[in-house]
Structures are given as C-alpha cells and as structure tokens.
Amino acid sequence: MKPAESSYDVVVLGSGAAGLSAAVTAASAGLRVLVVEKADQLGGTTAWSGGNVWIPNNPLMPSVGVPDSAEEAMTYLLSLSRDVMDEDLVRAFVTAGPEMVAFLDAKAGTEFYVAEGFPDYHPERPGGKPQGGRTLETPLFPFDELGEWQHRVTPGPYFAELALVQKETPIGAAVPQPPSAEELERRKVHDERGRGHSLVGRLLKACLDLGVVPVTSARARDLVRVEGRVTGVVVEVDGTRREVTANRGVVLATGGFEWNEAYKKAFLRGPLTHPVTMPTSEGDGLTMAMRIGVSLGNMREAWWSPVADLPPGVNAMNRVMVNADRTRPRSIMVNRTGRRFTNEAANYNAFGGAFHAEDVADFRYANLPCWLVFDQEYLRRYGTVGPFPPGEEPPPWLTTAGSLRELAETLGIPPEAFAETVERWNAYAAAGHDPDFHRGESAHDRWWGDPHLKGRPGATLGPLTEPPFHAISLVSGALGTKGGPRTDVDARVLDLDGQAVEGLYAAGNVMASPFGMTYGGAGGTLAPAMVFGFLAGRHLAGMR
Ligand SMILES: Cc1cc2nc3c(=O)[nH]c(=O)nc-3n(C[C@H](O)[C@H](O)[C@H](O)COP(=O)(O)OP(=O)(O)OC[C@H]3O[C@@H](n4cnc5c(N)ncnc54)[C@H](O)[C@@H]3O)c2cc1C
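Every chain's residues receive numbers from 1 upward, in the order its sequence appears when written. Two thresholds apply to this predicted model, a pLDDT of at least 70 for residue-level local features and 80 or more for giving and counting side-chain atom pairs, whereas whole-chain, interface and lining totals are computed over all residues. Heavy atoms throughout the structure, all of them, feed into the side-chain values; hydrogens and water do not.

1. Section: helix α14 (residues 526-540)
Heads up, the rule is: Helix and strand assignments follow DSSP, with helices taken as H or I runs no shorter than four residues and strands as E runs no shorter than two, numbered in order from the N terminus. One fewer than the residue count of a helix, multiplied by 1.5 Å, yields its expected span.
Taking 1.5 Å of rise per residue, the 15 residues of α14 would be expected to cover 21 Å, and the 21 Å separating its terminal C-alpha atoms lies within 8% of that figure. Looking at the residues trailing α14, positive phi occurs at G542, about 70°.

Right, here's the structure in full:
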C-alpha cells in the first residue's frame, strides 16, 4: 500500500502503542501525519498484548482509593535502578504518564479504568503498591466502528477469542474468569474486543477520525538527512523504494530487535531463544538509527519471560509465555540438577536473571534447561499451558509419569535429588512458608496464585502428591527487547555527543528504555511506549 502523498509534517514508523500514541498526539494538534507499517496488518505486538498500561500516580487511582504521588513513583522505580536507570527519563515518564492518560482519554476515547488489585511487580519495595491501582486497562471496543478498517488489526496467535478483557485470560489471572457463552455472543454483535485489540482499536479510530490513514506492507528502510537534520524516510513497498518527506520529523516506533539473530548475539546479556512477539520486530529502527550515528543505551536488556515451546498446531506461534501457570499451587520449577532455583511465582521479567545465571565450573547456563513440574490435581483444577482448560485430557506433549522417579528418569535429571526437592517443597507447603525462595511472601505472588485460596498460604504453595506427575520444559523468551537509540525527555534521539538529532524521535521498544533491567508492574512496557510516543507527538506539535 503506497502513501497517498510524498510529503507530510510527521512520519511515524510502526503502528503499535508507541506509534499510534505519537500519531494521535501530533495529529490532534493539526499536523499531517503518516503511519507506515511493515506488516500487512496493524497493531504490532501491542495488538497481541494484554493491553495493560502501568501509569503511577494516574488520575484514576482516587477512584479505587489508592493514594500515590510522583515522588512515591520515583522512589519505587529508582529503588530498582541498580544505577542503570536514566533518572531524567524516569522523571519524564512519571510526570507525563498522568498527562498522557488524561490526553488520550479526551482525544482518543481510551476510557482507561483501573485493573483493580493488580499489585506492582516488586510491591514491597519503597513506594510500591501491593494493593495495585497503577495498572490500567481499556474496556471492550466495538470494532465495527472502524468501518473498512475493522479487519485490519493483526489478530495474534494466542487467544482464538479476541473478545476478552485481561482478567478473562491466563495472562491476566492465574485462574481466568471467562465470560458466559451468552456474554460472548453479545460481544459478537458489534465485534467488541478487549486487551491489546481494544487499545489499538481505540487509538486507530482516533487516528482515522483525525485523517491519519496508515499504510501497511510498507517497510521503512532508511532515514533521509539534510545537513544533519532528519527530513524524511525511504519506504519500500512491493520491492520499490520511494522517499517520503517529513517536514517536522520522523518517529521511530518499530519495536525491538528480538527477531534479529545477529543483534541478539551482539547485544543481549544472555539467551533469548523464544520471543513471543510479532516477527517483524527485526530491529529495523535500530539499523536506521545506527546508520546515522546515534547514541545507544540499555542494549543488554529485554522484557524477559519464561516461555513454553509447544508443538506445531497448539497455537499459531507454537509457543506461549508462562505466567499464571508457574504461580499456581502444586507446581514447582526444577533445573537439570533436580533442584528448585528461584521463586516460581516471581514476575516474569525477573526470570531473565535466573535464566542467565552461569554454572561457572561447568560453563553451562545453570537453569537452562528447566521444567515446570506439577501433579494430577493441579491439572484437574487449573488445566495447563496452552491454554488447556481444566478437566480436559492432558495434552500429549506433556511429559507424564506415574511416579516422581519415573518422571525424573524420563527428563534425565537425578531421581534422588528430585525426590528430595519435592519432599522439601511439600513440607514447606504444609508449613505455609518457603524459606528457600520466599514464594508467596509478596503480594505479587499471592495475587497470581489460586484466587479461590486467596489470603491463605495455599494461594501459591501446594504439595505435589497426586500421580501421575507432569512436566513441561521452559525456555528463555521475551515480550520484546528494550535497548536502542537514547533519547532526551522529549523523546528526541541523541547523537554520539549527546545532542538531539533534529527531526528524529523514538518511542517504545525501539528506544533505550529508561527502566534498565526493571518491569515496574503489569503494563510496564506499553506505558513507556505510549508516554514517549505522546511526548514525541507533543514536541513535534510545538506543545513543549
Ligand atoms: C502475549 C503478550 C502479552 C503482553 N501483554 C502486555 C501488557 O498487558 N502490558 C504491557 O505493557 N506489555 C505487554 N506485552 C508487551 C507489549 O506488547 C510490547 O512491549 C509493546 O507492544 C511494544 O510496543 P511498540 O509500540 O514498541 O511495538 P509494537 O507494538 O510491536 O509495534 C511496532 C510496529 O512496528 C512495525 N515495524 C517494524 N519494523 C518496521 C519498519 N521498518 N517500517 C515500518 N514498520 C515497522 C512492526 O511491524 C510493528 O507493527 C505483551 C506481549 C505479549 C507478546
């Protein structure tokens, strides 16, 4: 699809949360904006996501009775810094987050509400919120309002049913609460969709209403520079390259580089074998930015997650992030020594650290491979990864055995050590306390565990006693990388001398995340994508 014209005020590269937020903000100030999308459909990984957006001190927190302040948010985030966060950018995020929410609610009909009770990912840190309040979501959006664009948003591989809000899926609750069949039928009438689709649908509608017409199957290849200023971009459509002028500037919003093997090898701090994102995240924005000599930051990092590698046919990606499944009672994770190695119910991003730990003597990764192990009662209550609902036959790709010894032998791990591990775990479960890894002590772990057991130790601690026993191998994945061009507080890309490159902006996973190694809470990746997209749009429009 070719751009209708060859000259715009702003050209935005990428149609995920970062790109669409920038486009709406710039267009609502009257600028002429083009959105260029490499894939044949819109929305990027954002459309596949849960759609949660983590905004500390957001204007909706009073509605759920949770107090917050910019200073509390700064205290919380900087307590997780390890001296790698850029404090100015963190402050820009914390300050502009609430403004972005108010702006998009007014201009893009986002209708944010608090996903109640969702704790921060390190809620016991100073300034953390064990009671939640910072995680936002948008309500179901009727896609028939998009007219001819109704079927132009990428459906994503993970949930056949798009008409779900986050808590109705296993990425939003350890035990999902699916809507009734009647409610699902009702949602079909106007093609109401939730999660990332709702977010993309709302932003897209706002763009279309403002006259921003995206082009798809159009891949940005190169930035055009005149006397140091970025003045446009070379876009490839059907194998033909053409130049599009951007009189005010270009916004890089092309996502991460998790599908680019060479970049992963060059930059990341450890293995990322199984991204769960759009395969168009090949680091194109990074390539274009490196060509003009920008300054890079946070290159080692990703939004890490344990992932299950599934056989063909289980879902379109043959993989799924493993989130709720590891927090449920009657399950543990073990490595090749047959031992537990971490708090299984910790937030998914923290597993990057566990997966990159070295067995120094052996020169192997200490915790890869590893397995999630659970008993038959777990399967009966919760189903399993896939998702396979409770009560169904266990999927054939689970490793299943009648005894712990047999399971260990099949997995190739030492049976004695494995039996000791399970015995020790079962004793901890009975005592309601995990002295080894403190599972269940954080409000985070208990929010994810079995909500029917909320408030009790059994919310995430439970013994493995009922044969047969089951195992599934887990691998190192991510929801995107988070290193790239460094920016200033207005999302302007910086050159090697730390000066803003005139006319070039970056937002989302393409940019050097302000957050270093950290994931603040549910929605912690979409939030900076949208806030820095908003900041870019605002600066382009001269509103700052
Ligand atoms: C299952 C799942 C659930 C998730 N849930 C959440 C959640 O609830 N909350 C949260 O905060 N995060 C969540 N994430 C992570 C989140 O989806 C991503 O971090 C976020 O979408 C990144 O936004 P972005 O705008 O930077 O990139 P994207 O949304 O990926 O958009 C980038 C776009 O740029 C396009 N592009 C790439 N190269 C070019 C080029 N050369 N020219 C033009 N276009 C190009 C891509 O095709 C893509 O459409 C989830 C991820 C997954 C996989």
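Still more ground to cover, so stick around.
2. Quick look at the pattern of salt bridges
Selection rule: A side-chain nitrogen of Lys or Arg and a carboxyl oxygen of Asp or Glu constitute a salt bridge if their distance falls within 4 Å. Working definition: with a 1.4 Å probe on protein chains only, accessible area under 20% of the residue-type maximum means buried, over 50% means exposed, and in between means partly exposed.
The tally for this structure, following the rule as stated, stands at 38 salt bridges. R193 is the salt-bridge partner of D191, the closest N and O atoms lying 2.7 Å from each other. Both residues of the pair, D191 and R193, belong to the buried class. Put simply, E416 and R405 hold a salt bridge, and the shortest N to O gap is 2.8 Å.

3. Considering the site of the ligand
Our working definition: Distances are taken per atom, and a residue is near a molecule or strand as soon as one of its heavy atoms is within 4 Å of it. Counted as a polar contact is a pair of N or O atoms within 3.5 Å, where, for protein atoms, one must be capable of donating a hydrogen and the other of accepting one, and residues adjacent in sequence contribute only when both atoms are in side chains. What sets the accessible areas is the Shrake-Rupley method with a 1.4 Å probe; for residues, cover comes only from the shown protein chains. Under the scheme applied here, ten amino acids are nonpolar (Ala, Val, Leu, Ile, Met, Phe, Trp, Tyr, Cys and Pro), four are charged (Asp, Glu, Lys and Arg), and all others, including Gly, are polar.
Taken together, 37 residues surround the ligand, and among them E37, T46, T280, T525 and L526 come closest. A distance of 3.3 Å is found between an oxygen atom of the ligand and a backbone nitrogen or oxygen belonging to A17. G523 places a main-chain nitrogen or oxygen 3.3 Å from an oxygen atom of the ligand. Contact with the protein chains removes 98% of the 1000 Å² of surface that the ligand exposes when unbound. The biggest single contributor to the shell around the ligand is helix α2 (residues 44-48), with four residues. For the shell around the ligand, a count of residues per class yields 13 nonpolar, 20 polar and four charged.

4. Concerning the sheet that holds strand β5 (residues 135-137)
Applied cut-off: By this definition, two strands are paired if DSSP reports at least two bridges between them.
Here we have three strands laid out as an open sheet, ordered β3-β5-β4, and antiparallel in their pairing. The open sheet has two edge strands with one neighbour each: β3 (53-54) and β4 (113-114). Bridge analysis of β4 against β5 gives two bridges, and the strand direction is antiparallel. Residue V114 lies in a different strand from β5, and its bridge partner there is L136.

5. Points about the packing of helix α3 (residues 70-78) against helix α4 (residues 87-108)
Relative orientation and spacing of two packed helices are given, respectively, by the angle between their axes and the distance between those axes. Stated precisely, the cut-off is as follows: The axes are straight lines fitted to the C-alpha atoms, using for helices just the contacting stretch, and the angles between their N-to-C directions are given from 0 to 180°. Note on angle classes: values under 35 degrees are labelled roughly parallel, values over 145 roughly antiparallel, values of 65 to 115 roughly perpendicular, and the remainder oblique. Take the far helix as the reference: if the near one is turned anticlockwise from it by less than a right angle, the crossing is left-handed, and if turned clockwise, right-handed. Between two residues, a contact is recorded if the distance between any of their heavy atoms is within 4.5 Å.
Where α3 contacts α4, the two axes come as close as 10 Å, and the packing angle between them is 140°. Judged on the interaxial angle alone, α4 and α3 are oblique. In this structure, α3 crosses over α4, and the sense of that crossing is right-handed. Contacts between α3 and α4 pair A70, E71, A73, M74, L77 and L78 from the former with E87, V90, R91, F93 and V94 from the latter. Taken together, the residues of the contact of α3 with α4 sort by class into eight nonpolar, no polar and three charged.

6. What to know about the side chain of T135
Looking at the secondary structure, you find T135 in strand β5. Judged by relative accessible area, T135 falls into the buried class, the value being 0%. Here the side chain of T135 touches A522 through a polar contact of 2.8 Å, landing on its backbone oxygen. Setting aside residues no more than four positions away along its own chain, T135 makes contact with N52, V53, W54, Y113, V114, A115, F118 and A522.

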